Every structure is written in C-alpha cells, then in structure tokens.
Amino acid sequence: MNACFFYSFWSFVMGIEINRFQGEVDEELLCPICSSVLENPLQAPHCEHAFCSACIHEWLSRQPTCPVDRQNITPPQLRPVPRILRNLLYRLQLTCDNSVYGCTAILKLDALESHVQECEFNPKRPVPCELGCGLVVPKDELKEHNCVRELRSLMQAQQSKLVEVQAEVAESKFQMGEQKRELQLLKDYMLAMRNANPSLRILADQMEADEVRRWAETLPKARVLRWGGMISTPDTVLQLQAMIKRALSESGCPPHIIQDLMENAHERRWPTGLSSLEIRQLNRRQYENYVCRRIPGKQAVAVMACDNGHMNPDMILEPGLIMIFAHGVE
C-alpha cells in the first residue's frame, strides 16, 4: 500500500488512547491497526484477530484482507469478540474524556459512557438557560447564547414546519376530494347499471352493504350504562341532530345511509319492539344484547343491522338505529 493510504487511514482511525489508562494494558487488548485500546471491538472469522470496529471497517473498504495475516475477509463476516475479552476491556480503568477540562475521575471502561453524559466538566452537557428563555443549550455555547436570536430562530423553524404541514394537509384534502369524486362517479355508474341490469343490482347492493359493514367496524364498541337516559325525540333539539349528523359524516359514514340513520334516531321510525315507552320498558332486558358502536365524541351510539343479526326482527332496523342519550355512554 502506498503512503497516501496510510496518511488518510491514520487520520481516520478511532481507538482509545493508551496513555489514558491506569497501569499496563495487555497487548491482546490493543488494536493492531491503530495501536490504541480496542473500541467497540470486532474479530475476524477464522484467525480471530480483534480490531476496533471503525478501524477494521475503514481498512476493509480499501483492502478486503486481515491486517495481521492477510486472510481474505469481508465486513459481513466480522463478529463480536468473545465475552471474556469484553470483560477484560470493561475492567480497565481510565481517565474521563473531559480530563482536559478539569475532571479527575478514574473509572472503569464500561462506566465511561454514562459518566461522560453526566460529567459536570463535559463542555457539551446540556444545561438550561438561566436568562428566562427556557431553552437547553450545550454548556460551552452558553456564553454566546442569545435568547432573542435563538427564540426567533426557533419560531422561524416552527413556522416553516407549520407551512409544510399545512401544505401536506391541503394536498391530502385535495387527494381525498379526488378519491371521493371518483368514488361517487363509480356509485352513480353502478346505480345506473343497477336500474338497467338485475344482476348488477345484486352486486351493487352487496357493495353498499360491505361499505356499511367496514365503516361500522371502524367505530369503537360502546357500553350504555343508563338506557333510561335515551332521547327518543331528538328532533325537538335541532342543534343536537346537526351535531350527530356531522359526527357521522366526519367518521366516514357512507353518505347514502346518513339520512336514513338520522331519521331512524326518532321513535316514530323505530321497529315495533321500540315503538313506545311502554313497549321499550317491557323489552328493556334485551337492550344488553345490542352491539353498539360509539359515535365519536358524542353521547350517542349506532346500533347497526350488520352487527345485530342475533336480535329479534322487532328490535332492529335497516341500515341501523341511532340512539342518543343525555348521559351514560362509555
């Protein structure tokens, strides 16, 4: 190898300087490449020579042979050194990385990393600014720290990020709008074909039923604690109906059933088993058998026909019921 190789290589190698260690260091614990104490050691597969991880990877990027005996090796063939060698390394005692800044600690190699992070002499240790901005900065940058400048820079970064997020949201809304438009075109086409072709009518009905089922499964199951809190005539509170309708739409409810569900929120549309207060009281024990889906953010549940095939026909309605409560839904 030429001199240029050695010059560029020696400017790169890692290892831990041997003069930082207390006492003699066994030669087996030195890297043959950089002659320093092994750092994150790896060994060759056959000859088992050990090297610093950074050293051997840099070496193999230029020459795929063992630096000691020149056997062919490749990076994937490297493996961790045996535990006994790691234990010998961990027992070595050395000075802190920050000894040049005044730290006098002598510690075992396996405790070095955690100590350096908390070392009070570490110039890069994060410390809070005491001038009131609340930012945490490296200790050696504290003297040059300017609260106004840093806060302004932070605000600019946040504003840039906000602009990016807003652009992503706008793009997502556009793409979603395009998909909804295409889906509606497909539905309109299927509707037209359904009216013209009985076999397609069956297929379209099945697709709509599958869409309703998939939507229902996205809603979390709900538990009604107070069935007596049911509001059976919600049309007396128009704002309440509007809120429920909006929640259905925002949850992804198929548009073709939203109006039906809202109409099915009133007792005048309910099946015979729920048609009056007296009948509802008689059938109250059956309520616990309902599979209820929570309408997001509201004291209301959707009791969908696709979830409640086990109920008596007089207790369920297609495509489902909306039950609104004053309280008691979790």
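All of these numbers come straight from a predicted model, not from anything done at the bench. (Residues numbered from 1 in each chain as written. Predicted model: local features only at pLDDT ≥ 70, side-chain atom pairs only at ≥ 80, totals over all residues. Heavy atoms only, no water.)

Undergrad: Account for the overall build of the protein chain, naming residues and giving values.
TA: In terms of regular secondary structure, the protein chain is built from nine helices and twelve strands. Compactness check: the protein chain gives a C-alpha radius of gyration of 36 Å against a globular reference of 20 Å for 330 residues, more than 25% above the reference. Along the longest, intermediate and shortest principal axes, the C-alpha atoms of the protein chain span 95 × 55 × 40 Å. Within the protein chain, residue pairs in contact and separated by at least 24 positions form 48% of the contacts whose partners lie at least 6 positions apart. (Helix = DSSP H or I, 4+ residues; strand = E, 2+ residues; numbered from the N terminus. Rg over C-alpha atoms; globule rule 2.2 N^0.38 Å. Contact = heavy atoms within 4.5 Å.)

Undergrad: Describe in detail the side chain of arginine 293, supporting the description with residues and values.
TA: Note on placement: arginine 293 falls in strand β10 (residues 292-294). For arginine 293, a relative accessible area of 8% gives the class buried. Within the local environment of arginine 293, its side chain forms a polar contact with the backbone oxygen of leucine 219, the two atoms lying 3.0 Å apart. Filtering out sequence-adjacent residues up to four positions away, arginine 293 remains in contact with Ala216, Glu217, Leu219, Pro220, Lys221, Ala222, Ala300, Val301, Ala302 and Asp307. (Buried < 20%, exposed > 50% of the residue type's maximum accessible area, 1.4 Å probe, protein only. Polar contact = N/O pair within 3.5 Å; in protein donor to acceptor, adjacent residues only side chain to side chain.)

Undergrad: Describe the sheet that holds strand β3 (residues 79-80), and please don't skip the residues or the numbers.
TA: Read from one edge to the other, the open sheet built from three strands follows the order β2-β1-β3, with strand pairing classed as antiparallel. Of all the strands in the sheet, just β2 (50-52) and β3 have a single pairing partner and so form its edges. Strands in contact with helix α2 (residues 53-60) are β1 (41-43) and β2; relative to β2, the strand with the most contacts, it is inclined by about 95°. (Pairing = 2+ DSSP bridges. Axes fitted to C-alpha atoms, helices over the stretch in contact; angles between N-to-C directions.)

Undergrad: Lay out the pattern of salt bridges in plain terms, naming residues and giving numbers.
TA: Applying the stated criterion across every chain yields a total of ten salt bridges. Of the charged contacts in the structure, one is a salt bridge between arginine 79 and glutamate 48, with a shortest N-O distance of 3.4 Å. Placement of arginine 79 in strand β3 and of glutamate 48 in the loop between β1 and β2 is noted, with a sequence separation of 31 residues between them. For arginine 79, a relative accessible area of 33% translates into the label partly exposed. A salt bridge links arginine 246 to glutamate 250, with the shortest nitrogen-to-oxygen separation between them at 2.9 Å. Of this pair, arginine 246 and glutamate 250 both sit in helix α7 (residues 238-250), four residues apart, roughly one helical turn. Both residues of the pair, arginine 246 and glutamate 250, count as exposed. Each of Asp210, Arg213 and Glu217 takes part in salt bridges that share partners, so that together they form one network. (Salt bridge = Lys/Arg side-chain N within 4 Å of Asp/Glu carboxyl O.)

Undergrad: Any chance you could break down the packing of aromatic side chains for me, citing the residues and the numbers?
TA: This structure, assessed with the given rule, holds one aromatic pair. Plain terms: the ring middles of tyrosine 287 and tyrosine 290 are 6.3 Å apart, the flat faces sit at 15° to each other, and that makes the pair stacked. The pair formed by tyrosine 287 and tyrosine 290 is uniform in burial state, with each residue classed as buried. (Phe/Tyr/Trp six-rings, centres within 6.5 Å; stacked < 30°, edge-to-face > 60°.)

Undergrad: Give a detailed account of the sheet that holds strand β11 (residues 300-304), specifying residues and quantitative values.
TA: Spatial ordering of the open sheet is given by β8-β10-β11-β12-β9, a layout of five strands whose pairing is antiparallel. Each end of this open sheet is capped by a strand with a single partner; those strands are β8 (221-222) and β9 (230-231). Two strands pair when backbone bridges link them, and β10 and β11 are joined in this way by two bridges, in the antiparallel orientation. Along β11, the bridge assignment pairs arginine 293 with alanine 302.

Undergrad: Lay out unusual backbone geometry in plain terms, naming residues and giving numbers.
TA: Following glutamate 318, the chain continues to proline 319 via a peptide bond in cis, the omega torsion being -10°. Its place among the elements puts proline 319 in the loop between β11 and β12 (320-325). Phi at glutamate 48 is positive, roughly 65°, even though this residue is not glycine. Exposure remark for glutamate 48: the relative accessible area of 48% places this residue in the partly exposed category. The backbone of arginine 70 shows a phi angle near 65°, a positive value even though the residue is not glycine.

Undergrad: I'd like a description of a nonpolar patch on the surface, backed by residues and values.
TA: Taken together, the side chains of Leu183, Leu186, Tyr189, Leu203 and Met207 make up a nonpolar region of the molecular surface, amounting to roughly 460 Å² of accessible area. Those elements that provide at least two residues to the nonpolar patch are α5 (147-196) and α6 (198-218). Here the element with the most residues in the nonpolar patch is α5; it accounts for three residues. Along the chain, leucine 183 turns up in helix α5. (Patch = residues over 30% accessible without salt bridge, like charges linked within 9 Å, V, L, I, M, F, W, Y side chains within 5 Å. Areas by Shrake-Rupley, 256 points an atom, 1.4 Å probe, with all protein chains shown as cover.)

Undergrad: Go over the side chain of asparagine 98 with me, naming the residues and quoting the values.
TA: One can find asparagine 98 in the loop between β4 (93-95) and β5 (106-108). Filtering out sequence-adjacent residues up to four positions away, asparagine 98 remains in contact with Cys103, Val116, Cys119, Phe121, Asn122 and Pro123.

Undergrad: Describe the confidence of the model for the protein chain, naming the residues involved and giving the relevant values.
TA: In this model, the protein chain carries an average pLDDT of 83, and 93% of its residues clear a pLDDT of 70 or more. In the model of the protein chain, helix α1 (residues 3-10) stands out as the element of lowest mean pLDDT, 40, in contrast to β3, which has the highest, 94. Low pLDDT, under 50, characterises residues 1-13; the predicted model gives this stretch 17 contacts beyond four residues in sequence or across chains. (pLDDT = per-residue confidence, 0-100.)

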